[in-house]
Amino acid sequence: VVKVKDPKRQYLTLEDFLRLPANFYRSLGVDPFETNKNTSIALHLVFVAQLVGLSLAMSMQLELVWINEDFFQSMQVLGYSTFGIAGMLKAVTVQLRKDKMISLVRQLRSCFPSPTEDEQKQYEVKFYLQRFNRFAKGFGGLYMALVITYDLAAIGQYAFQRWVLRLSNPTQSLPYTSPLPWEWRGSWRYYPTYLMQSINGYTATGYHISADIMIFAVVMQVIMHFDRLAKALREFKFSKNAKEGNEDQDLNNLRTLIAYHNQVLDLTDVMNEIFGIPLLLNFLASSLLVCNVGFQLTLGFSSEHIGQQLMLLTSALVEIYLICFFSQMLIDASEYVSFAAYEMNWTEADCRFRKMMVLLCLRAQKPVCLKATVFVDISIGTMSIFLRVSYKFFCAIRSMYQ
């Protein structure tokens, strides 16, 4: 029996871009696109349980920071709290803007290339999907390696001391420093407590991964549409005959491209409305995290923790760099539309056509970028601003310590 493949599945769809962020979201009890309403109640229960557990852990860590007299340990715990709170706020923001997220996905689906060979080649869908996967899987893999390292380091040390070195009193420690209302050392409570902290660690990390990869997926889609529009403008063919009907046909074709341009610009507005607050949280939390970890490293660190702290520092820097990099790609793609319009053989067009071209160029010359609400227009230059602000925080913490 020869199985006949569904011809539509031979071509890429929007779900191929959204599969990775959607899987991370669902593992956290969030279905931002409402793809499966039958499991919405179960997902809500998972989301609430994980959010409540992480919230309690963050409150206990903040209490430790407030009452602890050991400044060095307080800074370490504050780093964990900053990471976790930023992740929680990202998740809550997505839930509060779920209707807009669903609307955004519908808009993306409406303008996604149809499942035909010619159109998917024109949009180069496969190229953009491969490019997105390289960044998304690399970023997700880095953060998963971070949380796995934190979650397994302490239990790995305990297992090595107990079953390899055969120590009579192996050291029991938890992945994250936090006061607890029960005694977990030397009893069976150690294992469920360890599991609880590991789940909280994954929850906080998953909130970061899912939100950021979703941003990358949407930005890559918008870049694909801007590049397709620029290509259509460069390859625009005017009617050979100067008849009135042909001129009207050229105007209709240009109107179609202008409408397409407006549709893509609308996508960017909705995108920034949804992700503006998560982007701002990224910069605030990562800035505090970078200066915090840098401060700890300058004071010296034990060999068992320095690897974890270096990974945390690297992850925060990579996160901000990728956001700036994607926003810069978006700026370049949006500006290139005006260059492509100028490269057209517009001198052969009539007066009406040229007036419409002027309006298109004026609108395209205003760059489109990711916006951390109204405070920051993100570009590759924002990375240097981020590092300067982080250094100022670092100097302030050093002054407080001294």
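Source: prediction; values computed, not measured.

### Some details on the nonpolar core
Part 1: Core analysis: the biggest nonpolar cluster contains 104 residues, and F132, M214, F226, L233, F275 and F353 have the highest contact counts within it.
Part 2: Considering every element that reaches this core, the biggest residue donor is helix α7 (residues 190-234), with 20 residues.
Part 3: In contact with F275, not counting residues within four places along its chain, are M101, L104, A211, M214, I215 and V218.
Part 4: Membership of the second largest hydrophobic core comes to eight residues, among which are M60, A154, Y158 and Y190.

### Some details on the packing of helix α3 (residues 71-96) against α7
Part 1: Between α3 and α7, the shortest axis-to-axis distance is 8 Å and the interhelical angle comes to 50°. Regarding the angle of α3 to α7, the classification is oblique. Every pair of crossing elements has a handedness; the one defined by α3 and α7 is left-handed. Here F83, G84, A86, G87, M88, K90 and A91 of α3 lie close against α7, whose contacting residues are A204, T205, Y207, H208, A211 and D212.

### Thoughts on the packing of aromatic side chains
Part 1: For the coordinates displayed, the defined rule picks out 23 aromatic pairs.
Part 2: Here the aromatic rings of Y158 and Y190 are separated by 5.4 Å at their centres, their planes lie at 55°, and the arrangement is tilted. In this pair, Y158 sits in helix α6 (residues 125-164) while Y190 sits in helix α7, placing the two residues 32 residues apart along the sequence. Comparing Y158 with Y190 shows no difference in burial state: the two are buried.
Part 3: Taken together, the ring pairs in this structure connect F83, F135, F139, Y143, F216, Y321, F325 and F326 into an aromatic cluster.
Part 4: R228 extends its terminal NZ or CZ atom over the ring of Y123, reaching a point 5.4 Å from the ring centre.

### Observations regarding helix α1 (residues 14-27)
In an α-helix, one turn spans 3.6 residues; hence positions three or four apart end up facing the same way.
Part 1: The end-to-end C-alpha distance of α1, which contains 14 residues, comes to 20 Å, matching closely the 20 Å that a straight helix rising 1.5 Å per residue would cover.
Part 2: Of all the bends in α1, the largest measures some 40° and sits at L20, one to four residues before the proline P21.
Part 3: For α1, every residue scored as buried is listed here: L14, D16, F17, L18, P21, A22, F24 and Y25.
Part 4: In the core, the buried residues of α1 are packed alongside α3, α4 (98-110), α6 and α7.
Part 5: A positive backbone phi angle near 85° is found at G29, which sits one or two residues after α1.

### A word on the packing of α1 against α4
Part 1: Interhelical geometry of α1 versus α4 gives an angle of 150° and a closest axis separation of 10 Å. Contact with α1, carried on its side by L14, E15 and L18, involves V105, L108 and R109 of α4 and no other residues of that element.

### Description of the pattern of salt bridges
Part 1: Taken as a whole and assessed by the stated rule, the structure comprises eight salt bridges.
Part 2: In this structure, D212 and K90 form a salt bridge, with 3.2 Å as the shortest nitrogen-oxygen distance. In this pair, D212 sits in helix α7 while K90 sits in helix α3, placing the two residues 122 residues apart along the sequence. K90 matches D212 in its accessibility class, with the two residues each being buried.
Part 3: Linking K100 and E273 is a salt bridge whose minimum nitrogen-to-oxygen distance equals 3.1 Å.

Cut-off values and rules
By convention here, each chain's residues receive numbers from 1 onward along its written sequence. Whole-chain, interface and lining totals are the exception, using all residues; otherwise, since this is a predicted model, local features are given only for residues with pLDDT of at least 70 and side-chain atom pairs are given and counted only at 80 or more. Working from all heavy atoms in the structure, the side-chain values ignore hydrogens and water. We define a nonpolar core as any set of buried Ala, Val, Leu, Ile, Met, Phe, Trp, Tyr and Cys residues linked to one another through side-chain atoms lying within 4.5 Å. The rule is simple: take the accessible area with a 1.4 Å probe, protein chains only, and divide by the maximum for that residue type; under 20% is buried, over 50% is exposed, in between is partly exposed. Per the convention used, a helix needs a DSSP run of H or I reaching at least four residues, while a strand needs a run of E reaching at least two, with both numbered from the N terminus. Should any heavy atoms of two residues lie within 4.5 Å, those residues are counted as being in contact. Lines fitted to C-alpha atoms define the axes here, with helix axes fitted over just the stretch in contact, and angles between the N-to-C directions of these axes take values from 0 to 180 degrees. For classification purposes, an angle smaller than 35 degrees is called roughly parallel, one larger than 145 roughly antiparallel, one from 65 to 115 roughly perpendicular, and anything else oblique. For any pair of crossing helices, the crossing counts as left-handed if the nearer helix is rotated counterclockwise from the farther one by less than a right angle, and right-handed if it is rotated clockwise. Here is the rule: rings of Phe, Tyr and Trp (six-membered ring for Trp) pair when centre to centre is within 6.5 Å. Planes less than 30 degrees apart are stacked, more than 60 are edge-to-face, and the remainder are tilted. Either the NZ atom of lysine or the CZ atom of arginine qualifies as a charge over a ring when it sits within 6 Å of the ring centre and within 35 degrees of the ring normal. Each residue after the first adds 1.5 Å to the expected span of a helix. What the bend at a residue measures is the angle between two axes, fitted to the seven residues ending there and to the seven starting there. Each reported salt bridge corresponds to a side-chain nitrogen of Lys or Arg within 4 Å of a carboxyl oxygen of Asp or Glu.

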